[in-house]
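# Residue-level structure breakdown
Here's the letter readout for the chains.
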Amino acid sequence: MLSVVLSGLRARWASFLGGFLALALGVGLLTTMGLGLSATFHAPERSPQRFASSPVVVQGQDRLTLDVRRGPDTVPVSQRLDRPQPVDKELVSELRTRWPLTESGGPDAVGLDAPADEVRALVGDRAQVLTGDARRNADPDPERDAQALVGLNALLGTTGGVTAFVSVFVVASTFAFAVALRRREFGLLRTAGATPGQVRRMLLAEATALGVLASAAGCALGAAGAPLLARALVDGGLAPEWFAVGDAVWPFHLAFWTGLTVALAGAVAASRRAGKVGPTAALREADVDTDVLPLGRALLGAGLLLTGLGLLVWTYATEPSELLKRKTYTTLPMLLIGGVALLSPLLVRPVARLLRLRGAVGTLVRENSAASVRRTAAVAAPVLVTVALAGTLFGSAASVTQTRGVEAREQTAAQYVVSGQELKPVAVSALPAGAVVSPTASTSLFVRDGAEAVVKYGARAVADPAAFAELARLPVVAGDLRDLDDRSIVVNEEFERHRIGETVEIWRADGSGPVRLRVVAVLALGTGDNGPFVTRANAPGAPLDRIEASGGGAATARALEASGGTVRTAAAWAAADHPASSPQTRLGMILVLGIALVYTVIGLANTLLMATSVRGGELASLRLAGATRAQILRVVTGEAVLATAIGALLGLAVTAAVLGTLGAGLASLSAPVALVLPWAVVGAAGAVCATVAVASSALPAWRLTR
């Protein structure tokens, strides 16, 4: 058996080359992503900077800790404050009477050279006592390194998931199509006395040998590519300057065994089908494909498709805001893509029959594509994957971002918007008559969500409630913005208590509270930026970061320049604050799409080279029937283009389902619906697929018709 397997691999190395490359590339990418992920789990240990010379630091509390219910018991839950509380002045005086203090940049912390135990005994629970590496918590933005890795972790995880999904699909499709082309070979083996079990074991042995070799090559490729990926992520602004891959071993084990499992999984279904080939059935089988959709594949495809559609509908009906999140529009489309791809043999024939192509060449293209369902589906499926990923990923991200920009512009009647950090209030005397100015600040509110959780909300603090109510065009579903004052709050429908007149218990951004505020207005949820709103009395220490103004024309714009921020028209501000996509997001999506496109190129080239190379008798018959060499080449390349077009149409259908559900979700959230279909990206992906398909079919056809 082993000698037969090795002889087969040597004799048919060209047909296995595509699967080898796809699997090696997949294992290499999984290794690279795994090494990158391992480096994101832990931020580097930085030494204390602000109080580097002080062995002990006393810092105000930087977390709000509340008790919540967990079953029959209560447990403390902490949420980080926007900034640490100031150290109590009385405590500072007590510390100063006993030890010399070092004060650096604010009232939130002091350093001292004293025995830590004595300091803790004096401080008690009035503040935190930090020693050793914990003194880093007193530095500005102490969690910046860890936060810098959150987005990178999500990107690498998503890319690894796409890699695994596409590699499984391409490798399985390659094995399935190779088995379909070898039906006559299996018939001869059965005629020579091979049992169905021996045929299955032969294919599994081939897959094992291919999997081991490709996985080993992929691990070596991943080890070499990981440093290059880290450098590209840093250069592209996706990772901080200090990011570098480590020496973790688990990514190699995970990638190798995943690659071997993928190879075996891709061969299992194909081997079972090969074992069913009878001794003579394959030798007299017609060129028209039959039994192209086995029951197992049909059930799996239908299950994935129905699950994907069901989850989309369920998410829309229960939590439409989840449709706006990257995790949702990255993962859910994969179920739809997998389901449609598995069912593609059932779909390509009716789609091909619908087309009306002129002339003898067009008729042959259409009829050959409809008859050779396996070949057409094997070409259409990887194109479907690439086009659908391009449409859903880029389209969903662009739609969400554009919707937020449109929403921001529609929610203000201001002519000008000033943005910046720690803006200065504009003097009323400097404004022209008739000007209305509404300054606001970013803040946070902590609210209990039932008895089981504490939620931190990003909120805005209003300096002038009357001006705010005049300029705001928020989607109010109940109440009146003009009733906002220091004892009230504007909430959105996400709040547990969101009826007019109800009271909401909140803790402020500095941890002070609880404060009970009366609900005076309720907003639709929108894309997530609609409230809550409070007055600045409930946002102590929050610096102004936005000023909206209307009336007075250019004189108002000149007066706003005294605030020290950037003055823009409202439309320009909305476009600047909500760009079509950030360079980092675009680079991340290009990375994901690039992986899918590379796999598609490998799958298309391998499938068409194998499929066309065994069509010598068919092409010779066309020559005998009077077809010229140029006509035959047009038939072969036309079939490749038609299969590519069918895959693109199916991919666009998946994209339409995802974007349509997203649009319905935005409408249910009372947000503007601004859907974007990225025609440039989808068109570029389709053009690459068509070019590769034409070249991969034309070259062997040209050789066979010499």
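Relevant structure appears above.
All values derive from a computational prediction rather than experimental measurement. Counting of residues starts from 1 at the beginning of each chain's written sequence and follows it residue by residue. It should be noted that, the model being predicted, local features are given only for residues of pLDDT at least 70 and side-chain atom pairs only at 80 or more, the latter also being counted only at that level, while totals for whole chains, interfaces and linings use all residues. Note that water and hydrogens are dropped before the side-chain values are worked out from all heavy atoms of the structure.

## Looking at the pattern of salt bridges
- The term salt bridge refers to a side-chain nitrogen of Lys or Arg lying within 4 Å of a carboxyl oxygen of Asp or Glu. A complete count under the given rule lists 14 salt bridges for this structure.
- A salt bridge links Asp62 to Arg80; its shortest N-O distance comes to 3.1 Å. On the criterion of sequence distance, the pair formed by Asp62 in the loop between β1 (56–59) and β2 (63–70) and Arg80 in strand β3 (residues 73–80) is long-range, its members being 18 residues apart.
- With a shortest N-O distance of 3.2 Å, Glu367 and Arg366 are connected by a salt bridge.
- For every residue, the accessible area obtained with a 1.4 Å probe (protein chains only) is divided by the maximum for its type, and the residue is called buried under 20%, exposed over 50%, and partly exposed between those limits. By relative accessible area, which is 28% here, Glu367 ends up partly exposed. The way it works is that DSSP assigns letters per residue, a run of H or I at least four long becomes a helix, a run of E at least two long becomes a strand, and they are numbered from the N terminus.

## Quick look at the pairing of strand β11 (residues 488–492)
- Along β11, five of the five residues are buried, which leaves the element largely enclosed by surrounding structure.
- Residues Ser488, Val490 and Asn492 point to one face of β11 and Ile489 and Val491 to the other, with burial holding for every one of them.
- Across five bridges, the pairing between β11 and strand β13 (residues 515–523) is parallel. Within β13, the residue paired with Val491 across the bridge is Val522. When DSSP finds two or more bridges between a pair of strands, those strands are recorded as paired.

## Overview of the packing of aromatic side chains
- Put simply, two rings from Phe, Tyr or Trp (the six-membered ring, in Trp's case) pair if the centres are within 6.5 Å, and we call them stacked under 30 degrees between planes, edge-to-face over 60, tilted for the rest. Under the defined criterion, the tally for this structure stands at three aromatic pairs.
- Centroid distance Phe468 to Phe533: 5.1 Å. Interplanar angle 35°. Geometry classified as tilted. Placement of Phe468 in helix α14 (residues 465–471) and of Phe533 in strand β14 (residues 533–535) is noted, with a sequence separation of 65 residues between them.

## Let's talk about the nonpolar core
- Among the nonpolar cores identified, the biggest contains 86 residues, and Leu233, Phe243, Leu389 and Tyr599 are the most heavily contacted of them.
- Looking at which element gives the most residues to this core, the answer is helix α13 (residues 373–410), with 16 residues.
- Residues in contact with Phe243, not counting those within four places in the same chain, are Gly36, Ala39, Thr40, Leu149, Leu152, Ala230, Leu233 and Val234.
- Judged by nonpolar contacts, the second largest core, of 30 residues, contains Ala441, Ala459, Ala539 and Ala559. The set of buried Ala, Val, Leu, Ile, Met, Phe, Trp, Tyr and Cys residues whose side-chain atoms join them within 4.5 Å is what this entry labels a nonpolar core. The criterion used for residue contact is that any of the two residues' heavy atoms lie within 4.5 Å.

## Some remarks on a nonpolar patch on the surface
- Any residue with relative accessible area above 30% and no salt bridge may belong to a patch, with like charges joined within 9 Å and the nonpolar Val, Leu, Ile, Met, Phe, Trp and Tyr side chains within 5 Å. For accessible areas, the Shrake-Rupley method is used with a probe of radius 1.4 Å. Any residue's cover is judged against the shown protein chains and nothing else. A grouping of Phe41, Trp250 and Leu254 is seen on the molecular surface, where their side chains present a nonpolar patch of about 320 Å² in accessible area.
- Following the sequence through the fold, Phe41 ends up in the loop between α2 (13–40) and β1.
- Judged by its relative accessible area of 47%, Phe41 is partly exposed.

## Focus on a negative patch on the surface
- Where like charges cluster on the molecular surface, the negative patch consists of Glu319, Asp449, Glu452, Glu494 and Glu496.
- Since its relative accessible area comes to 39%, Asp449 is described here as partly exposed. Within this scheme the basic residues Lys and Arg register as positive and the acidic residues Asp and Glu register as negative, but His and the chain ends are omitted. Taken as the charge centre is NZ of Lys, CZ of Arg, CG of Asp or CD of Glu, depending on the residue.

## Some thoughts on the sheet that holds strand β6 (residues 128–131)
- A sheet is described by the order of its strands in space; here four strands give the open sequence β4-β5-β1-β6, paired in antiparallel fashion. Because the sheet does not close on itself, it has two edges, and the strands there are β4 (101–103) and β6. With strand direction ignored, the average angle separating the axes of adjacent strands in the sheet is 30°.
- Note on method: axes are straight lines fitted to C-alpha atoms, helices fitted across the in-contact stretch only, with angles between N-to-C directions ranging 0 to 180 degrees. Its contacts with the sheet place helix α3 (residues 89–98) against β1, β4 and β5 (109–112), and it is angled at close to 135° to β4.
- Packing of helix α4 (residues 116–123) onto the sheet brings it into contact with β1, β5 and β6, and relative to β6 it is tilted by some 170°.

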